[in-house]
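The residues making up each chain are set out below.
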Amino acid sequence: MDHAASRRRGAPLPALLAGLALPLVLSGCATYSDSFAPIQSNLASQKYDAALKDIEKQSGSKTDRVLYLLNKGMVLRMKRDFAGSNQALEAAKAEMERLYAASVSQNAMSFLINDSTVSYGGEDYEQVLVHLYMALNYLELGQKYEARVEAQQVDIKLREISSKVSGNRYARDAFTLYLTGMIYEDLGERSDAMISYRDAYNAYKKYQSTYGTPIPDDLKVDLLRLTQRLGLRDEAAQYSKEFGLALAPGKSDPPKEGDLVFIFNNGLVPIKREKRAAMVAPPPSAMTGNAPTTPGVYVTIALPYYESRPNNVVAARISASDKQASTEPAENMDAIARASLDSHMAAITARSIARAVIKAKIQESVDRAGQNRNNDSGAALLGSIFVRVAAVATERADTRSWLTLPAEIQLARLHLPPGTYTIKVELLDAGGQTVNAREYPGIVITEGHMTYLTEHWTPPFKPSPARR
């Protein structure tokens, strides 16, 4: 049924509300995040094809198409189908751009029903990270110029976001800036690399206070090394003093080794859940100074909150031949997601309260109509109860988000002589014990260049008893 069309043809608000409530009641009032449990279970078992089948079931939703494409793209890269991943992420990116200008008709429907009736266009950080993961896909495919284009798109997107929302804490993405610098340097564009490294340095200084993510040690070394190589002596001295670092003679010269850049996608971002608050509020007529026709109205507001997903891995260690390196934090997606929701909570709460008032007015009008008619009192009571149930059933929190993103991104660099290696990856718990180990044979290291390897870890899935 086209609910918007029914409304345009003059369908009464109580009937519209009740009609929209019925599918929610029949579906058991499940939220978007509730539907993710089987997907997460399959990811934890590395059953990527089974997870993709579950994701494919969501392909028919027009309002959730962006999420379908984002999750599909991420699971495809988990199974190392980087070309397929980029195809899905490119489609998600195009759909995000289409939805960037909000639909007036959808916003009107969300104001009456709930926020999840609007087509999902992605949070600010999700719109940025789609470019990051496309760049990483290109890097693993060996297509460095294509990766550079995607990385450059991040700056354009962030400028759009900053112009739309003043004071946005997510104004720069530190890890993407750092990756962009590495791409430039690998392509021999050292001046552009230096600019990106500086931007990443400034962004990480803000990250440290906002998200608790310090400046990665590898970035400190890159700043000092490249400033010395470019002859920026004053800037090099500044970094040396600030970081307490001093490069050995010759370390700023062109390398005779190659670099393995290992990017560890650890865990899964927190998942949005719904919390509900019910109250008896004064009837809307009382708020306008009129004599109330009922003693009060029962209203419910539903708000989203984040629930962390437990993880038994805290870091990774990579090794090749007799060399090894451990990962360090580069991006705290858990903290970024929470900060993003916090920045929207005032508006989300205001809309929820406004909807509650509108629905209370509808309830009062139904009660008044029942009192004024000479109809069966039982039928009038039933109609009043049904509209109240519809008001509660249609008030749902929007729990949608890109649920296959990692909780954090970690980074490690390993300097190796040119050659072909088998890279061992060990996933470590808080006590330094190995939880899982994997090997990647045939990794080619080239003198003076960077080779990229990424890993995803989804911890064992244990649904809470309430959501089994």
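Because the structure is a prediction, the values reported are computed rather than measured. (Residues numbered from 1 in each chain as written. Predicted model: local features only at pLDDT ≥ 70, side-chain atom pairs only at ≥ 80, totals over all residues. Heavy atoms only, no water.)

Engineer: Just checking my understanding: could you explain the overall build of the protein for this structure?
Structural biologist: Within the protein one finds 16 helices and 10 strands. Expressed as a percentage of contacts within the protein between residues at least 6 apart in sequence, the contacts between residues at least 24 apart total 75%. (Helix = DSSP H or I, 4+ residues; strand = E, 2+ residues; numbered from the N terminus. Contact = heavy atoms within 4.5 Å.)

Engineer: Hey, could you run me through the pairing of strand E8 (residues 419–428) in this one?
Structural biologist: Taken residue by residue, a regular strand's side chains alternate between the two faces of the sheet. Pairing of strand E4 (residues 315–320) with E8, which is carried by 5 bridges, proceeds in the antiparallel orientation. The residue of E8 that forms the bridge with Ile318 is Val425. What sits between the antiparallel neighbours E8 and strand E9 (residues 434–445) is a turn of 5 residues, in which Gly432 has the positive phi angle 85°. (Pairing = 2+ DSSP bridges.)

Engineer: Explain the packing of helix H4 (residues 48–56) against helix H5 (residues 65–78) here, please?
Structural biologist: For the pair H4 and H5, interaxial distance at closest approach is 10 Å and the crossing angle is 170°. Between H4 and H5, the angle falls in the class roughly antiparallel. Note on element contacts: H5 touches H4 through Tyr68, Asn71, Lys72, Val75, Leu76 and Met78, opposite Tyr48, Ala51, Leu52, Ile55 and Glu56. (Axes fitted to C-alpha atoms, helices over the stretch in contact; angles between N-to-C directions. Parallel < 35°, antiparallel > 145°, perpendicular 65-115°, else oblique.)

Engineer: Looking at this structure, how should I read the sheet that holds E4?
Structural biologist: Neighbouring strands of a sheet are bound in pairs by backbone hydrogen bonds; such pairs are parallel or else antiparallel. Taken together, the 4 strands give an open sheet; going across it, the order is E5-E4-E8-E9, and neighbouring strands pair in antiparallel fashion. Because the sheet does not close on itself, it has two edges, and the strands there are strand E5 (323–326) and E9. Between one strand axis and the next, the sheet turns through 20° on average, direction left out of account. Bridging between E8 and E9 involves 9 bridges; their strand directions are antiparallel. The partner of Ile423 across the bridge, within E9, is Tyr440.

Engineer: Can you walk me through the nonpolar core in this structure?
Structural biologist: Generally speaking, nonpolar side chains in soluble globular proteins are found buried as a group. The biggest cluster of nonpolar side chains holds 89 residues, and the ones touching the most others in it are Tyr133 and Tyr204. Per-element accounting of this core gives the leading share, 11 residues, to helix H8 (residues 124–140). In contact with Tyr133, other than residues within four places in its own chain, are Met74, Arg77, Asn86, Leu89, Asn265, Trp402, Leu405, Pro406, Ile409 and His456. Counting residues in hydrophobic clusters, the runner-up holds 20 residues, among them Leu260, Leu416, Val425 and Trp457. (Core = buried A, V, L, I, M, F, W, Y, C linked by side-chain atoms within 4.5 Å. Buried < 20%, exposed > 50% of the residue type's maximum accessible area, 1.4 Å probe, protein only.)

Engineer: Help me out: how do you make sense of the sheet that holds strand E1 (residues 258–266) in this one?
Structural biologist: The strand order across the open sheet formed by 4 strands is E6-E7-E1-E10, and the pairing between neighbours is mixed. Edge strands, defined here as strands with exactly one partner in the open sheet, are strand E6 (328–332) and strand E10 (450–457). Each strand axis lies, on average, 25° off the axis of its neighbour in the sheet, ignoring direction. Taken together, the 8 bridges between E1 and E10 define a ladder with parallel strand orientation.

Engineer: How should the packing of aromatic side chains be read in this particular structure?
Structural biologist: Working definition: an aromatic ring pair is given by the centre-to-centre distance plus the angle between the planes. Evaluated as defined, the whole model comprises 8 aromatic pairs. With 5.5 Å between their ring centres and 80° between their planes, Tyr201 and Tyr239 make a pair best called edge-to-face. Of this pair, Tyr201 sits in helix H11 (residues 190–210) while Tyr239 is found in helix H13 (residues 233–243), placing the two residues 38 residues apart along the sequence. Both residues of the pair, Tyr201 and Tyr239, count as buried. An aromatic cluster is present here, built from Tyr201, Tyr239 and Phe243 joined pairwise through their rings. (Phe/Tyr/Trp six-rings, centres within 6.5 Å; stacked < 30°, edge-to-face > 60°.)

Engineer: Can you walk me through the confidence of the model for the protein in this structure?
Structural biologist: Do not read the predicted coordinates in detail wherever pLDDT is low. Here the protein averages 83 in pLDDT, and 75% of its residues register 70 or above. Note on residues 1–11: pLDDT under 50 across the span, and 10 contacts to partners over four residues away in sequence or across chains. Across residues 13–28 the pLDDT falls below 50, and counting only partners more than four positions away or on other chains, this stretch makes 31 contacts in the model. (pLDDT = per-residue confidence, 0-100.)

Engineer: Help me understand the environment of Leu76 in this model?
Structural biologist: Note that Leu76 resides in helix H5. Along the sequence, Leu76 and Ala51 sit 25 residues apart, while their C-alpha atoms lie 9.8 Å from each other. Excluding its chain neighbours within four sequence positions, the residues that come into contact with Leu76 are Leu52, Asp81, Gly84 and Ser85.

Engineer: How do you make sense of unusual backbone geometry when you look at a structure like this?
Structural biologist: Located in the positive-phi region is Gln46, a residue other than glycine, with phi close to 60°. Along the polypeptide, Gln46 turns up in the loop between helix H3 (37–44) and H4. Residue class for Gln46 comes out partly exposed when judged on its relative accessible area of 39%. Even without being a glycine, Arg80 presents a positive backbone phi close to 65°. With respect to the element layout, Arg80 can be found in the loop between H5 and helix H6 (82–99). You can call Arg80 partly exposed: its relative accessible area is 32%.

Engineer: Can you help me understand the environment of Ala302 in this one?
Structural biologist: If you trace the backbone, Ala302 turns up in strand E3 (residues 297–307). Once residues lying within four places of it in the same chain are set aside, the contact partners of Ala302 are Glu274, Lys275, Arg276, Ser352, Glu395, Arg396 and Ala397.

Engineer: I keep staring at the packing of helix H12 (residues 217–229) against H13 and nothing clicks. Help me out?
Structural biologist: Each pair of packed helices can be summarised by the angle the axes make with each other and by the distance between the axes. In the contact formed by H12 and H13, the axes pass within 8 Å of each other and the chain directions differ by 155°. Looking at the two axes, H12 sits roughly antiparallel to H13. In the packing of H12 onto H13, the handedness of the crossing is left-handed. Note on element contacts: H13 touches H12 through Glu235, Ala236, Tyr239, Ser240 and Phe243, opposite Lys220, Leu223, Leu224, Thr227 and Gln228. For the contact of H12 with H13, a count of residues per class yields 5 nonpolar, 3 polar and 2 charged. (Left-handed = near helix turned anticlockwise from the far one by under 90°. Nonpolar A, V, L, I, M, F, W, Y, C, P; charged D, E, K, R; others polar.)

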